[in-house]
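# Secondary and tertiary structure notes
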Amino acid sequence: MDSSEDAAQRPLTLDIAGVGNEEPEAHAPLEAAAISSQPNTTDVLFPEESIDLDADAFISPQDDSAASGSMMDKLNDQMMESVMISDSPNSEEDDVPIDSLLEQGEDKESLDSKEPEEEKEEEEVKEEKTEAVTEQGTPDASVEPVESSTSLVEKEEAEEKEKDLTKDMVTDTQAAAGTPTPDSPKGQEVKVEVAKATAKEEPIPVCTIFSQGMQPKTLVPDGFQPTLVKSPSFSSGTNETPSKLAPLVCQPSPSLSKFFTDNGTVNPASDFFDSFTTSSSFISVSNPNAESPKAVTPAERQLSSGSSAVPSAEHQDGGTPSAFFSIGPQDSTPKPMAGPAEPAATMTTLQAVFSGSDDPFASALSLSEVDKRYDAWLPSEETRRVLISVATQQVNPVYVERDRLSMPGLKFDNLQGDAVKDLMLRFLGDQAAMKRQVLTANSVEQNFLGLNQLISTKNWRAAVDLTGRLLTAHGQGYGKSGQPTSHTTDSLQLWFVRLALLVKLNLFQNADLEFEPFGNLDQPDLYYEYYPTVYPGRRGSMVPFSMRVLHAELPQYLSKPQESLDRLHSMRSICQKILANLEEGLAEDGSMMTLTQENRQASIQLWRSRLCRVMYSMANCLLMMKDYILAVETYHSIIQYEPQQRVQLLSGIGRIFLQIGDIRTAEKYFQEVEKTCEEKGTGPAQDTSVLMNKAFVYLSQNNYAEAHTCFSGILKIDPKNPVANNNAAVCLLYLGRLKESLGQLESLVQQDPALYLHESVLFNLTTMYELESSRSTQKKQALLEAVACREGDSFNTQCLKLV
Amino acid sequence: MDVNQAKQEHLLALKVMRLTKPTLFTNMPVTCEDRDLPGDLFGRLMREDPSTIKGAETLMLGEMLTLPQNFGNIFLGETFSSYISVHNDSNQVVKDILVKADLQTSSQRLNLSASNSAVAELKPECCIDDVIHHEVKEIGTHILVCAVSYTTQSGDKLYFRKFFKFQVLKPLDVKTKFYNAESDLSSVTDEVFLEAQIQNITTSPMFMEKVSLEPSLMYNVTELNTVASGKESESTFGKMSYLQPMDTRQYLYCLKPKPEFAEKAGVIKGVTVIGKLDIVWKTNLGERGRLQTSQLQRMAPGYGDVRLSLELIPDTVNLEEPFDITCKITNCSERTMDLLLEMCNTRSVHWCGVSGRQLGKLSPSASLSIPLKLLSSVQGLQSISGLRLTDTFLKRTYEYDDIAQVCVVCPYLSPES
């Protein structure tokens, strides 16, 4: 019995034929529209039709790969011999008579411009394996089993392949009939299996469909580029950055290095820089946000921060070095952190801590409580030993091995570019470009104030420059990597801002380069304990938590998501450990310190939110890795920490399922969203989420009309909702209403540029311009002008698709 | 048409864009805490960014739809959708515009235009829009041929065409394997198990919405891809029913011949058509694809001229105690047989009764049941062997060994228990 089984166990490779016409029900609406008989009048209008690519005469190089039943009779018609097979991309046109070819000269050119890629692909296709499994047998066949004969054909020459195929092929009566009768056991069955050599064949899309053929050869791109939008969307890798990077990683510009070395004394800024290096005795708590402004009494200032001791000093040219690194008195900051109106939650807790404390020492103590809470971190065992020995003065920090220290330095010193201006120069001329006014590192105060000004005006490149200058002044400038240096709270904050901006600018490679000396952010010199004289009594990490998150997230943008996950996991376990310590009644770092109830609660709250942030990063990373199962699980587990984000998270999970294509599961999550919204009671926000989800489900069901209705419904509740506006316009395009769609997006951009000069909207708009008319370049240039008026130097000009 | 005319600028411009599903914009959260140097700045920037999820800005997957960025891949069984826009770039009214979109495959040419009637006139800066759909049913090169003809104000009839070439790739690799069930005991024999291995050879995850076997007329099919747990049945593939690129998944089906076929033939012989697999999948935002395999064929195991199967056999028997089995003998040949049954003892199996008895004539496809008695002298799992059938017409002997197995146990209780 076993033997009889073996005989029947033969693996069989199948061919896949496109679903025949016997399933019209699924596509009834589409097909009904698409397949309509062609009236004879067209032939009159198209005189060339008779000489067109003839169905019978035209054979593409891939002909032999045909697998559908209807192909079989074609293959058996011996028409193949009569056809010239060529892999040249123009072979198709070869079949078109010369005169029509000439007539098409222009168009063909436009196609050809994209051919090289295609040609390569065709070469590969040529090598594809063709496996023809021919089986012959009838129910009445003799007792001996007819073994399936498998012929593996791998040939360079298509002709040979065809010959081989026809030899192996027997007429497939079913297929020839056109409408396969599924259950007829009679007749011979031919199976042709075309296994593409997938291993080496990259499935590069053939992009010829986006032809700009009618356009004269201008600067307009002749097709969509695969990486136009900067978002690390799931389909595109982040590999485009390296090419962009090359010019950015540059030597220090002579002017700048001169600026810093030669006449430092003349420049007012250099006074400011001095503050980094001169006095090491004052405790620099000058980061305005690190301070608890309300509670800062003069006495306490003297105690904790010399920087604020001269509140009236003008920083640009003031003479007190210690004043420069700070923003100065709190009331001079653009958005004072003080003020009773400060909305931030942490601030209110700070105020709670300080309320009623007149004693400067007490408030200093509470400040250190807050510091401790925020700075807490668990160093590795090795680092901890070094820190203990430094603290107990067994070891002078000077003697700690150099390779155990972080010695950061700038790896490139100025980015100073403004892509918007470059484009303006190119397309709109010098005069227009002159009008472009953006803040640069030179045009703002050389301190944190100026830095914040640059960031908030979206001049991130300039902001990166400024951080470079400030760090250079601190002795961590270009080429200083690998040289011993000392860190301060501020220098690490500067590093954080710089690296965060690099990431925001998609300059991941640069960020990675500059992160490198920091290692895993666990060197002893990155802890306050390492500087007992500068920060007496202060403990914990100098590296801000946000910088750790950034550091952990970075590798995922450089195609190393696994590394990101590793880092995030270790961060998560530290967060969990700290939370566990707090819950056990210990201090954050596990020491036996007594915390007041408020402090403990505030700390637990802080660390829970930090844990949550790490979980978000993990989920985002998993999503980028397309590990949807774990991503969904992780997002789901965030709900318990952030119950107020339940609606957003569940909707997000639903969208993940839609992305996979699992509409049913998505709907389940959306139903849960609806339930949550009902519990919360109706409000515009709830209605918006519900409608938005509905719209996405319709979209996934190819029902663009209903999706559009839903998006429009959101606009009735919230007319300014940019997402609904944009999405409604996208739906219109899929409904064949290009002009309306364009009109809608255009008016949005004009009316409310703050909301709609977003790269996703602009990308959609420029795509529609390209589809609409040959004059898309002019329209894009108009967009460029709009962008130039409003956006800073960090604007991603790729979405304008001008180059 | 005149060659020179080709050089002339056309008044109309034809633009084509493939409409794959839009994608959701993903943003890149960069956050900081209030005490950090930028304070609330990063948070504010993210809240102001229209593409973030309000209230959960660190959630990467946004809601903003973006149009397709490139042509992408198109796979067999998917629907090719395309936007065709004819725009009047000139400043004159153009008349009698006819836009025709044909899809040329290696085997046929299909008209995809929704309408084949000419548009009477097109004013400057206006356009004719058409969205075409076509379910691709062939692998290989496809060419979208768009032809536009129109009449200028001066009465010239003009015409131009554009070709857009794309490759249709194979999305799935399907392999099948048949297993014949041991059908010794049941009277409904010839159960067949089909294992189908489906591999996603695209580059994106694929949600398998439906993988079903449409059986041929002769068979009934049971899908064995769910596990009943409680009232809900759970997929054997776990929570997520999607396939990552290059992942393979095994589907299992059990096929039983319908009674009328099973009984009529007694056994199903030779090559039979089992049915075909129907596969429906979805990808990004519900992009749908559907394929069917060709008819799957199966070679039924050969039973020879005479098939001997067991209708009744105990699974456990006592040592040295006779037990009964019932054999079913079916004539699978085309002629009548006259059969003689011999029983040969083996080392462990001892047949009771007379060996060499006549079973009489058996016509084609007929069967008869014979009860037999035997005992085993050895403990353990024992194989039943030693039956010989001889067709006295042709003097041909058929041997049946290892027909089935029984577990032989010692009936006597051991002293300690």
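Everything that follows concerns the structure shown earlier in this document.
Residues numbered from 1 in each chain as written. Chains lettered and ligands numbered in written order. Predicted model: local features only at pLDDT ≥ 70, side-chain atom pairs only at ≥ 80, totals over all residues. Heavy atoms only, no water.

### A few points about the environment of alanine 366 of chain B
Residues and elements named next belong to chain B. In plain terms, the rule: Numbered from the N terminus, helices here are DSSP runs of H or I no shorter than four residues, and strands are runs of E no shorter than two. Residues count as neighbours in contact if any of their non-hydrogen atoms are within 4.5 Å of one another.
Along the polypeptide, alanine 366 turns up in the loop between strand 28 (357-362) and strand 29 (367-376). When the C-alpha positions of alanine 366 and serine 333 are compared, they lie 9.8 Å apart, and in sequence the two are 33 residues distant. With residues up to four places along the chain from it excluded, the contact list for alanine 366 reads Ile329, Thr330 and Asn331.

### Quick word on the nonpolar core
Quick note on the threshold: The set of buried Ala, Val, Leu, Ile, Met, Phe, Trp, Tyr and Cys residues whose side-chain atoms join them within 4.5 Å is what this entry labels a nonpolar core. Note on classification: 1.4 Å probe, protein chains only; a residue is buried when its accessible area is under 20% of the maximum for its type, exposed when over 50%, partly exposed between these limits.
Counting 171 residues, the largest nonpolar core has Ile455, Met547, Trp607, Tyr635 and Phe711 of chain A as its most contacted members. Broken down by element, the residue count for this core peaks at 14 residues, all from helix 26 (residues 597-624) of chain A. Apart from residues lying up to four places away in sequence, tyrosine 635 of chain A is in contact with Tyr616, Ala619, Asn620, Leu623, Leu649, Ile653 and Ile656 of chain A together with Leu59 and Met60 of chain B. Judged by nonpolar contacts, the second largest core, of 54 residues, contains Phe71, Ala101, Val148 and Tyr219 of chain B.

### A closer look at the packing of helix 21 (residues 460-473) of chain A against helix 22 (residues 489-504) of chain A
Residues and elements named next belong to chain A. As a reminder of what qualifies: Think of each axis as a best-fit line through the C-alpha atoms, taken over the contacting stretch in the case of a helix, with angles from 0 to 180 degrees between the N-to-C directions. Here is the rule for angles: anything less than 35 degrees is roughly parallel, anything more than 145 is roughly antiparallel, 65 through 115 is roughly perpendicular, and the remaining ranges are oblique. Should the near helix be turned anticlockwise from the far one by less than a right angle, the crossing is left-handed, and should it be turned clockwise, the crossing is right-handed. When residues are grouped by polarity, Ala, Val, Leu, Ile, Met, Phe, Trp, Tyr, Cys and Pro land in nonpolar, Asp, Glu, Lys and Arg in charged, and all others, Gly among them, in polar.
Between helix 21 and helix 22, whose axes approach to 9 Å, the crossing angle comes to 150 degrees. Regarding the angle of helix 21 to helix 22, the classification is roughly antiparallel. Taken as a pair, helix 21 and helix 22 cross one another with a handedness that is left-handed. Across the interface between the two elements, Trp460, Ala463, Val464, Thr467, Gly468, Leu470 and Leu471 of helix 21 pack against Ser491, Leu494, Trp495, Val497, Arg498, Leu501, Leu502 and Lys504 of helix 22. Within the contact of helix 21 with helix 22, the residues separate by chemical class into 10 nonpolar, three polar and two charged.

### Thoughts on the sheet that holds strand 33 (residues 404-409) of chain B
Residue and element names in this part refer to chain B. Worth spelling out the cut-off: Here, a strand pair is defined by DSSP locating no fewer than two bridges between the strands.
Taken in spatial order, the three strands of this open sheet run 24-33-30, and their pairing is mixed. Every interior strand has two partners, whereas the edge strands, strand 24 (316-318) and strand 30 (380-384), have only one. This sheet shows a mean twist of 40 degrees between the axes of neighbouring strands, independent of strand direction. For strand 24 and strand 33, the ladder comprises three bridges, and the chain directions are parallel. Within strand 33, the position partnered with valine 317 by the bridge is valine 408.

### With respect to the sheet that holds strand 29 of chain B
Residue and element names in this part refer to chain B. Spatially, the four strands line up as an open sheet ordered 23-25-29-27, and their pairing is antiparallel. Edge positions in the open sheet fall to strand 23 (306-312) and strand 27 (349-352), since each of these has one partner strand only. Sheet twist, expressed as the average angle between the axes of neighbouring strands with direction ignored, equals 40 degrees. Pairing geometry for strand 27 and strand 29, over four bridges, is antiparallel. Looking across to strand 29, one finds that valine 349 is bridged to serine 376.

### A word on helix 20 (residues 448-456) of chain A
Short version of the rule: Polar contact criterion, stated in full: a pair of N or O atoms within 3.5 Å, where within protein one must be able to donate a hydrogen and the other to accept it, and residues adjacent in sequence count only if both atoms are side-chain atoms.
The buried fraction of helix 20 of chain A amounts to seven of the nine residues, a majority that puts the element mostly inside the structure. Inspection of helix 20 of chain A places Phe448, Leu449, Gly450, Leu451, Asn452, Leu454 and Ile455 of chain A among the buried residues, and these make up the whole buried set. Among the structural elements, helix 21 and helix 22 of chain A together with helix 1 (41-48) of chain B are those in contact with the buried residues of helix 20 of chain A. By the N-cap criterion, in which a side-chain oxygen at the helix start approaches the backbone nitrogen of a residue two or three places on, helix 20 of chain A is capped by asparagine 447 of chain A, the distance to leucine 449 of chain A being 3.0 Å. Residue lysine 458 of chain A follows helix 20 of chain A closely and has a positive phi angle near 60 degrees.

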